[in-house]
Amino acid sequence: MSAARLPLVAGNWKCHKTVVEALALATEVKHGAGALRGVEIAVAPPFTALQAVGKRLEGSAVVLASQDCHWEDAGAFTAAVSAPMLRELGCRYAIVGHSERRHVFRETDDEVRKKLRAALRGDLRPILCIGETLDERDGGRTLERLAAQLEAALSGLGAADAANVVVAYEPVWAIGTGRNATPAQAQEAHAHVREVARALLGGVADGLRILYGGSVKPDNAAELLGQRDVDGALVGGASLEAKSFLAIARAAAGRG
Ligand code: PEP
């Protein structure tokens, strides 16, 4: 990875952890992260734990992220949580378009585009998730699917906004399955993402951080993170234990 792109390791806690459990995990991450240089660390607890975890992380280098954000700032959208609400709680990043949102909750490319813009409007850095299904990979359509998702989300974005975007390449078949992309598959996808981003956004693409996500574990992290265009990781399962999450963060720190 380029020295100019500070690696980011973000933990997506999904629908796990009560407030009490989230506080215990956040405390361990905070303490373990204190000694790490050369990597940015973020955690994305469930909405219910954001406020408590945000307070617990105060004074540390670990930053708060949300797992989603609504596309409107306010209104009659029962159960939705908006960017200004998340920013007020101290969030710096918002994951948008996670595969589970797209596939379980049927979110469309257009909704993801609106969420990304809402995050930017609300001073949150979007972590835009994209990725192909197994059918698409087996059918040789991986690169075209990634390009379509990027174009839908990023086209028309100005340079200042684009500089605040992070992309996470997460092959759907690798999320929560224990089957990670090979380092070569990840590098091929990441290089393509950067090329498409360059066509859409211009030179800003050189500084774009592209995270890999999909069954990242301590034992495969160094190899994945060692790829030229892999600028960090979005971590699900392995972020639920401080020890494994911090081991991944250490692997990223060693690659700067
Ligand atoms: C994720 O939820 O974004 C993810 C990559 O999950 P896992 O690490 O469990 O595959």
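The rules behind the values
- Residue indices begin from 1 for each chain and proceed along its sequence in written order.
- Reporting in this predicted model follows two pLDDT cut-offs: at least 70 for local features of residues, and 80 or more for side-chain atom pairs to be given and counted; totals over whole chains, interfaces and linings ignore these cut-offs and use all residues.
- By convention in this description, side-chain values take in all heavy atoms of the structure and omit both hydrogens and water.
- Here, a strand pair is defined by DSSP locating no fewer than two bridges between the strands.
- Put simply, DSSP H or I for four residues or longer makes a helix, DSSP E for two residues or longer makes a strand, and each gets a number counted from the N terminus.
- Interaxial angle, 0 to 180 degrees, is taken between N-to-C directions of lines fitted to C-alpha atoms, where a helix line uses only the stretch in contact.
- Residue contacts follow a heavy-atom distance rule, with two residues in contact if any of their heavy atoms lie within 4.5 Å.
- Using a 1.4 Å probe on the protein chains alone, a residue whose accessible area is under 20% of its type maximum counts as buried, one over 50% counts as exposed, and one in between counts as partly exposed.
- Crossovers are described as right-handed under a simple rule: with the strands pointing away from the observer, the path leading from the first strand over the helix to the second runs clockwise.
- When we say a residue is near a molecule or strand, we mean one of its heavy atoms is within 4 Å of it.
- Counting of polar contacts relies on pairs of N or O atoms within 3.5 Å, with two restrictions inside protein: one atom must be capable of donating a hydrogen and the other of accepting it, and residues adjacent in sequence are counted only when both atoms are side-chain atoms.
- Per-residue and other accessible areas follow the Shrake-Rupley method at a 1.4 Å probe size, with only the shown protein chains counted as cover for residues.
- Throughout, the ten residues Ala, Val, Leu, Ile, Met, Phe, Trp, Tyr, Cys and Pro are labelled nonpolar, Asp, Glu, Lys and Arg are labelled charged, and all others, Gly among them, are labelled polar.
- In what follows, salt bridge is the name for a side-chain nitrogen of Lys or Arg lying within 4 Å of a carboxyl oxygen of Asp or Glu.
- Our angle categories are set so that under 35 degrees counts as roughly parallel, over 145 as roughly antiparallel, 65 to 115 as roughly perpendicular, and the remainder as oblique.
- Helix crossings get a hand from a simple test, with the near helix turned counterclockwise from the far one by less than a right angle marking a left-handed crossing and a clockwise turn marking a right-handed one.

Peer 1: I'm lost on the sheet that holds strand E6 (residues 166–169) in this one. Help?
Peer 2: Either a parallel or an antiparallel arrangement is found when strands of a sheet pair, and the pairing is made through backbone hydrogen bonds. Strand order in the closed barrel formed by eight strands is E1-E2-E3-E4-E5-E6-E7-E8, with parallel pairing between adjacent strands. For this sheet, the mean angle separating the axes of adjacent strands, direction not counted, is 25 degrees. Helix H9 (residues 183–201) contacts strand E5 (125–130), E6 and strand E7 (209–213) of the sheet and is inclined by roughly 150 degrees relative to E7.

Peer 1: How should I be thinking about the pairing of strand E1 (residues 8–12) in this particular structure?
Peer 2: Successive residues of a regular strand alternate their side chains across the two faces of the sheet. With respect to burial, E1 is a largely interior element, five of its five residues being buried. Across the two faces of E1 the burial is the same, with Leu8, Ala10 and Asn12 and Val9 and Gly11 all buried. Sheet topology note: the E1/strand E2 (residues 40–44) ladder contains five bridges and is parallel. Bridged to Ala10 within E2 is Ala42. Between the parallel elements E1 and E2, the chain passes through helix H1 (residues 19–33) in a crossover that is right-handed. Sheet analysis places E1 next to strand E8 (residues 232–235), joined by four bridges and oriented parallel. Looking at the pairing, Val9 lines up with Ala233 of E8.

Peer 1: Can you help me understand the site of the ligand in this one?
Peer 2: Taken together, 14 residues form the shell around the ligand, and within it Lys14, Glu170, Gly176, Ser215 and Gly236 come nearest. Here Asn12 contributes a side-chain N or O atom positioned 3.3 Å from an oxygen atom of the ligand. Contact between the ligand and Gly176: an oxygen atom at 2.6 Å from a main-chain N or O atom of the residue. For the ligand, the accessible surface in isolation is 290 Å², of which the surrounding protein chains cover 97%. A per-class count over the shell around the ligand returns four nonpolar, eight polar and two charged.

Peer 1: Teacher, can you tell me more about the environment of Ser82 here?
Peer 2: Among the secondary structure elements, Ser82 is positioned in the loop between strand E3 (63–66) and helix H3 (83–88). Here the alpha-carbon distance between Ser82 and Val53, two residues 29 residues apart in the chain, equals 18 Å. Separated by 2.8 Å, the side chain of Ser82 and the backbone oxygen of Asp73 make a polar contact.

Peer 1: Please clarify how the pairing of E8 should be interpreted in this entry.
Peer 2: Residue alternation in E8 divides its side chains into two sets, Gly232 and Leu234 and Ala233 and Val235, and both sets are buried. Summarising the sheet, E7 and E8 pair through two bridges and their orientation is parallel. Bridge pairing links Tyr212 to Ala233 in E8. The parallel pair E7 and E8, bridged by helix H10 (residues 218–225), forms a crossover whose chirality is right-handed.

Peer 1: Help me out: how do you make sense of the pattern of salt bridges in this one?
Peer 2: A side chain of one charge can pair with a side chain of the opposite charge when the charged atoms of the two come close. Taken as a whole and assessed by the stated rule, the structure comprises 19 salt bridges. A salt bridge links Arg145 to Glu136; its shortest N-O distance comes to 3.5 Å. Arg194 is the partner of Asp229 in a salt bridge, and the nearest nitrogen-oxygen pair spans 2.7 Å. In this pair, Asp229 is assigned in the loop between H10 and E8 and Arg194 in helix H9, connecting sequence segments 35 residues apart. Like Arg194, Asp229 is buried. One network of salt bridges, in which partners are shared, links Arg5, Arg194, Arg228, Asp229 and Asp231.

Peer 1: So what exactly am I meant to see when it comes to the packing of H10 against helix H11 (residues 242–253) here?
Peer 2: In a packed pair of helices, the relevant descriptors are the angle between the two axes and the axis-to-axis distance. H11 packs onto H10 with a crossing angle of 20 degrees between their chain directions and a minimal axis gap of 9 Å. Taken together, the axis directions place H10 and H11 in an arrangement best described as roughly parallel. Between H10 and H11 lies a crossing whose hand is right-handed. For the pair H10 and H11, contact is made by Pro218, Ala221, Ala222 and Leu225 and by Ser244, Ala247, Ile248, Ala251 and Ala252, respectively. Its residues assigned to classes, the contact of H10 with H11 comprises eight nonpolar, one polar and no charged.

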